Amino acid sequence: MIIDPLLLRTRRHFFKDCGIGLGKIALASMLAKESFGAMGNPGFMRFPVKAKRVIFLFMAGAPSQLELFDHKPKLKEIEGKPIPPSVIKGQRYAFIQPDAAVLGPCFPFSKHGESGAEISDRLPYLSKIADDLTFVKSMHTDHFNHAPAQLFMNTGSGIPGRASMGSWLSYGIGSEADDLPGFVVLQNGVLSGGSAMWGSGFLPSEHQGVPFRKGPDPILHVSNPKGIDRTAQRHTLDLLSTLNQSSLGQFGDPEINARIEAYEMAYRMQARAPN
Amino acid sequence: MSKILTLVLTTFFILTFPASLQAVDFNKDVRPLLASKCYACHGPDEEGRKAKLRLDIREDALGNEVIVPGVVEDSEFHYRIRSDDPDEIMPPPESHASLTEAEKDLLDQWIAEGAEYAKHWAFEPPQASITLVNAAKWGNNSIDAFILKNLEKNKVDPSPQADRYTLVRRLYLDLTGLPPTPEQADDFVNDHRVDAYEHLVDQLLASPHYGEKWAREWLDLARYADTNGYEKDRPREIWQYRDWVIRAINEDMPYDQFTIEQLAGDMLPGSTQDQKIATGFHRNTQLNEEGGIDPLEFRFYAAVDRVATTGTVWMGLTTGCAQCHTHKYDPITHDEYFGIMALLDNVEEPDLLLYTDGQLKRQAEVENQIQRKIAELMGRHPEFDSSFASWRKNMQAKSTAWKTLQPTGWKTNLPKLELLEDGSLFASGDFTKRDVYDLNFTSPEPITALRIEALPDDRLPEKGPGRAYYEGRKGLYFLSEVNASAQDQPVSFKDLSQSGGNGVEKIIDGDGSSGWSGAVGVEQHLVLPLDQPLAANQPFSLSLLFERHFVASLGKFRISATSSTQPAKAQRLGSATEDLLSKGNQLSQSEISQLRATYLEKAFLPQKNNGKSFAAGAKWIWDNSNNNGKETLYFAKSISLKDAPKSVRLLYTCDDESEFFINGKKVASNKLWYEPALANVGTHFKKGTNVIAVKATNNGGPGALLVQLEITKADGKKHTVFTDESWEFSQQKPTSDEWKNKGLADGIKAILVGKAGDAPWNNIPLKSNDLSELNALRGQIPQSRRSLVMQERPADNPRPTYLRHRGEYTNPKHEVAPGIPDILLGVDTPEPGNRLEFARWLVSQDNPLGDRVTVNRAWRSLFGYGLIRTSGDFGTQAPAPDHPELLDWLAVEFRKLGMSMKKLHRLIVTSATYKQSSVATPELLEKDPQNRLLARGPRIRLTGELIRDHMLTASGKLSSKMYGRGVYPPQPKTVLSHAFGNQAWNVSTGEDRYRRSLYTFIKRTAPFAGYMTFDGTSGENCLAKRDRSNTPLQALTLLNDEMFIELAQAAGELVHQKKEDPVESLFRRFLTRMPKAEERKALQGYFHQQVERLQAGELKAGDIAGNPRADPQWAGKVLLARAIMNLDETITKP
């Protein structure tokens, strides 16, 4: 019997085991924030929350919606013909040659479920649960280049620097879960929009997405440096706690308390992070 | 009934809220309410306005008895805010902007008192009020009088002055951004002069580190970065602007001048190079270089950013709302927003070429040497003169006499063409991806052929000739089509030729996507013989089309014609040479010299060879012996050397082109197989294993690589390494650059293609060294540096600014004239009409906001919070300032101080308010948790950059080197791995690894992780205030980040080598003060505990100290340093 250890690492495992430490990033960033912040208590339950979690899959480079959910029969009609001038308006676009022609849908669509959602035959399983899905087809954009379009999708603006969807959620409704970070980014491959896609823009920077990275450290610096074992790390944290406590006693600055908490959380995160 | 109720309620209100025993203050109490609850529908924005009612203007609000001053019960307003009817109540339920009972009472009271309006406080000029407190009681200067007055009102005592160690640390960190060394701290503590503190202030204000500290804050506002942003995010050169900021701040340039030079330095009379560099402020906007973008659209976004940034920095207003519609709350109309844009947007955006005086001197020297070398080389070859004479005679016969044609008229789609004295045309202004130049000519002589010269010019990107400034190579051009016509009939061409570049035949193929493109920085030309000659005096037109997926129009070009009947061809030696040849023998002495030099360098010497070639042992290698396809191979070979060599001579070539690396460093490249590269590369070799790596590309036909490395060893013995079967290659592009350093992980043995001398390459004779002597000199001509700058457009080519409906670029409406919002316009002062006037207005007393914003920002930097807490916003929505009188007094005082930032900082840091202890007693925490009264000193976490600077200083590693290109401190590779283009973060070595953090290269799409974790900025937006979060990720960074570990190791080693008491020495290096007894005890306990574990072998000293020689004591000190670096107090201004 072959047991691939990777197969055992299910999503549940990730959330359950790996998440405990990581999850507290969010809580920490909400509770251990600068207590004096002019924003009051940003993020925490600003509105009544119904959603338990939001999973947003942004699949740059995936098959086009035109082949999956968004049936465009008109394209079939004009397939093979030149691009209508109204579309390109005499502009030069990269990679569109003068002899470019229209491509219609490559796969057949049919209606599914009571809603009659049109789904392509490339999604035989998903189409069986058509009535459990919501398709939003009202979104459109003028941006046709990668970076602005990706930024627009994630931040509502084609220009880098606005608050991303995840940071809005973190800011607006926060997260009461203590086993998941408020806003994490799992990235595979290169994205044109760069880190601005999970930036916090003009929102407090604690709401920016925490990227989980490939390689040995899914979170930057979650591993101890060479030569330092967990005991040494514990000793160090004990010392820090003692001295920071003494500082707290002297200055009365609640930030010090938050710092102590943050270090303890970091330590637990180190124990729990997948490696 | 309702009247009585109102009265009762009002009375109740007054009794309950002692604050409103005073009359209602419109600015403080009423406007914020109206602005947040009512203006969205009843404010300045016409489009959003409901029921044609405005409540932001008194006359409008009084109309129709909406508000009847003094008579609450006659005011419709009163009934509406208290109605039970969901259809009548205001604000309407769906707005979720309901009023509390207390707020309703307040509004009623305001009406009862006469419903007086007042201009928003920030739009009135600041007035310095006089404070009436006994200054002798507490305080050093007027700041303290304001603070004390407020403290007394609130029955709170100021805190005692902080102890001297705290003061010296606070002052060093605030003014220079670096901690004092223990010695510097002791100097101050032991300085018993009465004015020791003031002396220290002056000393620190004079430190060059002062400019570095405050420049970083300014760069947040300037959204400075070293890359262009967006997908490509390629590097840009604008660090000269960063350096300008540092210098200006260190020189204490008055703030008005500082402002004017950055916004409009180019427009100052006789503007200097520095003043032009200063205009980089608004060139810090992002540049989208992705394929096919509309350059003018992204130019518009940059203009939007400029308006927003200007608003934040000098007006304290978030103007951004008015981009899309008239501001809902602040009196800025949609038109006025674009008026500000018009003030800022009449600009060209060139790269300024910069030469230092030293470079200019060197340039002249090298030019002289070149002239001497040319003379020497001519002398070296006795046959040169006769060879030149026969060449000239021969060429004169072949050359064509060209006459420059000056157009009689022209028009373009958008760019502006200007006729220069030499008959060439210079294009400026805005360019698109499809530009058309239509030119009209009449020649007094018949025409048999036309010549189009593409000419370089210093004003063009990379000297042109093209206008490409993004995506494609800068200075590139792409001539898609040339169409000529006379008498409405097309004129056709035949036998086209080009002096260089590719694609001349495609300029008449009717396809805009193909065309002619040539080299950057040099003259190249086309010759277009006419099918049928044009008669003399026959008007004709020439249409040049430039169509590419980026801007690629010609920036400078010249049209010439000939009536010669012999066939005209483009001249490889350049149009200037042909023009000289065609003049026959009527040349001046200098023209003859020029011709001789050209012949020598371009024709005579290249034919010479030195009779040598590759040695017999060299072998051609490739991935198979009969390759015919286009492919790129990655070759590597390890060479082991017992000692560093004395010298190494590299001779190599590749069919077709290649790059050559030694130990990761690129040392040579070649593009033509018959022109082998020759280089002395000895310095790149080291003792031990060396890796040779070649990226080799075959473009078709046979491909092969041939290398010969002549190594002269330290002992003088020679040894030659050739390409042979022992070399390895990979067909796959290695995933990282490591192969250049470490060799290929899974290389395949190379296949032998032939020996040196074999067909098809045969013997490759090496060029005469004469030519390389000349080329070597040319290589010594200093290259200019660049900086992005602004340049006002010429008066005859202004850029119109249009109102964009809903702020959308694609939705232009009417043209808008430059101007500032009416609310800010003084009665007697003229409205600014251009960028320079606007800059002057921003720092004049006519701008009621400017000085307030500036002093508030300085206050925030020093106290952690501004006197008005929203640093970027002084608009009507902003909360009232905590200390309005102090804010105004400081604003007025700042001007009296000549707008000197140093004097302003001095004024603030010498106040008793600033010098208070930052201890928050339980009583103070209870009464004033946010320290709004300022009854205690600031205690603020440092920014990410300053934390690193702090660690660098305390560990003794800080480099004092200032200025220059961005550098690359260590950070994990994964930070950049998600960024586009697989760019490497090549960690700086030597001193550059330890430079102050403001010199760290800022990559917008993957900003330096260590700073971002501490709320740093990516330079995407103007940032008026840094957040100060407190997260576990920060703990992980400080504990485990390589860049900090390295500094802990340095600090540990330092105290170990100096044999200092580790606890006290390290503690003081990082925390300035002496450790207290219990702290000392805890630290010592930790130290001994770690040393014991090290001695017991539980921990490895070498690993921890990063040095195999380290013993347990040494490594224990490293651990101790690391622990101290992680204390809250270490990263906090006390």
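Residues numbered from 1 in each chain as written. Chains lettered and ligands numbered in written order. Predicted model: local features only at pLDDT ≥ 70, side-chain atom pairs only at ≥ 80, totals over all residues. Heavy atoms only, no water.

With that settled, the discussion passes to unusual backbone geometry. Residues and elements named next belong to chain B. Between Met90 and the following residue, Pro91, the backbone shows a cis peptide bond with an omega angle of -10°. Residue position: Pro91 is located in the loop between helix H5 (76–82) and helix H6 (101–112). Here the residue pair Ala759 and Pro760 is connected by a cis peptide bond, since its omega of 0° sits within 30 degrees of zero. Within the fold, Pro760 resides in the loop between strand E26 (751–755) and helix H22 (769–779). A positive phi angle, close to 50°, is found at Gln487, a residue other than glycine. With respect to the helices and strands, Gln487 occurs in the loop between strand E9 (481–486) and strand E10 (489–491). A relative accessible area of 64% places Gln487 in the exposed class. Notably, Asn931 is not glycine yet its phi reads approximately 55°, a positive angle. Residue placement: Asn931 occurs in the loop between helix H28 (922–927) and strand E31 (940–941). (Helix = DSSP H or I, 4+ residues; strand = E, 2+ residues; numbered from the N terminus. Buried < 20%, exposed > 50% of the residue type's maximum accessible area, 1.4 Å probe, protein only.)

Bringing the sheet that holds strand E13 (residues 540–547) of chain B into the picture now. All names here are of chain B. The 5 strands are arranged E4-E7-E13-E9-E10 in an open sheet whose pairing can be described as antiparallel. Two strands close off the open sheet at either side, each with one partner strand: strand E4 (409–412) and E10. For this sheet the average axis-to-axis angle between neighbouring strands, irrespective of direction, equals 25°. (Pairing = 2+ DSSP bridges. Axes fitted to C-alpha atoms, helices over the stretch in contact; angles between N-to-C directions.)

Residue and element names in this part refer to chain B. Of the residues making up H22, those classed as buried are Asp770, Leu771, Leu774 and Leu777. Across the axial projection of H22, the buried residues extend over an arc of 120°, all falling on one side. Those residues of H22 that are buried lie in contact with helix H17 (357–380) and helix H20 (589–604). (Arc of directions from axis to C-beta. Contact = heavy atoms within 4.5 Å.)

To continue, consider the domain arrangement of chain B. Entries for chain B in the domain assignment read domain 1 (2–118), domain 2 (257–355 + 784–837), domain 3 (400–570), domain 4 (619–765) and domain 5 (1042–1133). For domain 2 of chain B and domain 5 of chain B, the distance between their C-alpha centres works out to 53 Å. (Domains from an automatic or database assignment.)

On to a negative patch on the surface, then. Residues B:Asp84, B:Asp85, B:Asp87 and B:Glu88 make up a contiguous surface patch of negative charge. Turning to its location among the elements, B:Asp84 is positioned in the loop between H5 and H6. (Patch = residues over 30% accessible without salt bridge, like charges linked within 9 Å, V, L, I, M, F, W, Y side chains within 5 Å. Areas by Shrake-Rupley, 256 points an atom, 1.4 Å probe, with all protein chains shown as cover. Salt bridge = Lys/Arg side-chain N within 4 Å of Asp/Glu carboxyl O. Lys, Arg positive; Asp, Glu negative; His and termini not counted. Charge placed at Lys NZ, Arg CZ, Asp CG, Glu CD.)

Right, let's talk about the interface of chain B and chain A for a bit. Listed per partner, the contact involves 83 residues of chain B and 81 residues of chain A. On the chain B side of the interface with chain A, the three residues burying the most area are B:His978, B:Asn1030 and B:Pro1032, jointly 12% of the side's total. Of the charged contacts, one joins B:Asp1103 and A:Lys226 as a salt bridge, the two residues approaching to 3.8 Å between their closest N and O atoms. Linking chain B with chain A are 25 residue pairs in polar contact (both at pLDDT 80 or more). Looking at the side of chain B that touches chain A, the elements with two or more residues in it are helix H15 (295–315), helix H30 (974–977), helix H31 (1009–1012), helix H32 (1032–1040), helix H35 (1077–1095), helix H36 (1101–1105) and helix H37 (1112–1125) of chain B. (Buried area = accessible area lost by both parts, 1.4 Å probe. Polar contact = N/O pair within 3.5 Å; in protein donor to acceptor, adjacent residues only side chain to side chain.)

Let us now look at the packing of aromatic side chains. Scanning the entire structure with this criterion turns up 49 aromatic pairs over all chains. Between A:Trp168 and A:Tyr171, the ring centres sit 6.0 Å apart and the planes meet at 75°, which makes this aromatic pair edge-to-face. With a gap of 3 residues between them, A:Trp168 and A:Tyr171 both fall in helix H6 (residues 165–172), about one helical turn apart. Classification of A:Trp168 by relative accessible area gives partly exposed; the value is 40%. Taking the relative accessible area as the measure of exposure, A:Tyr171 reaches 14% and is therefore buried. Following the ring pairs from residue to residue traces out a cluster consisting of B:Trp218, B:Trp244, B:Tyr255, B:Phe258, B:Phe281, B:Trp314 and B:Phe894. The ring of B:Phe188 carries the charged tip of B:Arg164 above its face, separated from the ring centre by 4.4 Å. Between the NZ or CZ atom of B:Lys213 and the centre of the ring of B:Trp214, over which it lies, the distance is 4.2 Å. (Phe/Tyr/Trp six-rings, centres within 6.5 Å; stacked < 30°, edge-to-face > 60°. Lys NZ or Arg CZ within 6 Å of the ring centre and 35° of its normal.)

This part takes up the confidence of the model for chain B. Across chain B, the average pLDDT comes to 90, with 97% of residues at or above 70. Between residues 1–20 of chain B, whose pLDDT stays under 50, and residues either more than four places distant or in other chains, the model counts 14 contacts. (pLDDT = per-residue confidence, 0-100.)

Attention now moves to the sheet that holds strand E16 (residues 630–641) of chain B. Pairing between sheet strands relies on hydrogen bonds along the backbone, with the strands arranged either parallel or antiparallel. Residues and elements named next belong to chain B. On the basis of which strands lie adjacent, the open sheet formed by 6 strands has the order E19-E18-E21-E16-E24-E25 and antiparallel pairing. The open sheet is flanked by strand E19 (665–670) and strand E25 (748–749), the only strands paired with a single partner. Two strands pair when backbone bridges link them, and E16 and strand E21 (residues 688–699) are joined in this way by 12 bridges, in the antiparallel orientation. Across the sheet, residue Ser640 finds its bridge partner in E21, namely Thr689.

What follows is about the environment of B:Ile508. Within the secondary structure, B:Ile508 is located in the loop between strand E11 (497–498) and strand E12 (524–534). Those residues in contact with B:Ile508 that sit more than four places away from it in its chain are B:Glu481, B:Val482, B:Phe493 and B:Leu496.

So, about the side chain of B:Ser918. In this structure, B:Ser918 sits in the loop between helix H27 (912–915) and H28. If near-sequence neighbours (up to four positions away) are discounted, B:Ser918 is found in contact with A:Phe251, B:Arg170, B:Arg936, B:Gly937, B:Pro938, B:Arg939 and B:Pro1134.

With that settled, consider the pattern of salt bridges. Oppositely charged side chains may form a pair once their charged atoms are brought near each other. Residue and element names in this part refer to chain B. One pass over the full model with this rule turns up 92 salt bridges over all chains. We note a salt bridge from Asp191 to Arg193, for which the minimum N-O separation is 2.7 Å. You can call Asp191 buried: its relative accessible area is 15%. Since its relative accessible area comes to 43%, Arg193 is described here as partly exposed. The partner of Glu462 in a salt bridge is Arg786, and the shortest N-O contact between them spans 2.5 Å. Placement of Glu462 in the loop between strand E8 (447–454) and E9 and of Arg786 in strand E27 (residues 785–788) is noted, with a sequence separation of 324 residues between them. Owing to a relative accessible area of 16%, Arg786 belongs among the buried residues under this scheme.

Residues A:Val54, A:Phe56, A:Val136, A:Met139, A:Met153, A:Met165 and A:Leu169 make up a contiguous nonpolar surface patch of about 630 Å² in total accessible area. Checked against the element boundaries, A:Val54 lands in the loop between helix H2 (11–31) and helix H3 (73–77).

Before going further, it helps to examine the environment of B:Ala278. Residue and element names in this part refer to chain B. Positionally, Ala278 belongs in helix H14 (residues 273–278). When the C-alpha atoms of Ala278 and Glu47 are compared, they prove to be 40 Å apart, with 231 residues separating the residues in sequence. Every residue in contact with Ala278, bar those within four places of it in the chain, is listed here: Tyr241, Trp244, Glu261 and Gln262.

Helices that pack against each other are described as a pair by the angle of their axes relative to one another and the distance between those axes. Residue and element names in this part refer to chain B. Look at helix H13 (residues 255–264) against helix H23 (residues 835–842): their axes get within 9 Å of each other, and the N-to-C directions meet at 155°. Viewed along their axes, H13 and H23 adopt a mutual orientation that is roughly antiparallel. The hand of the H13/H23 crossing is right-handed. Of H23, the residues touching H13 (which contributes Thr259, Ile260, Leu263 and Ala264) are Arg835, Leu836, Ala839, Arg840 and Leu842. Class assignment for the residues of the contact of H13 with H23 results in 6 nonpolar, 1 polar and 2 charged. (Parallel < 35°, antiparallel > 145°, perpendicular 65-115°, else oblique. Left-handed = near helix turned anticlockwise from the far one by under 90°. Nonpolar A, V, L, I, M, F, W, Y, C, P; charged D, E, K, R; others polar.)

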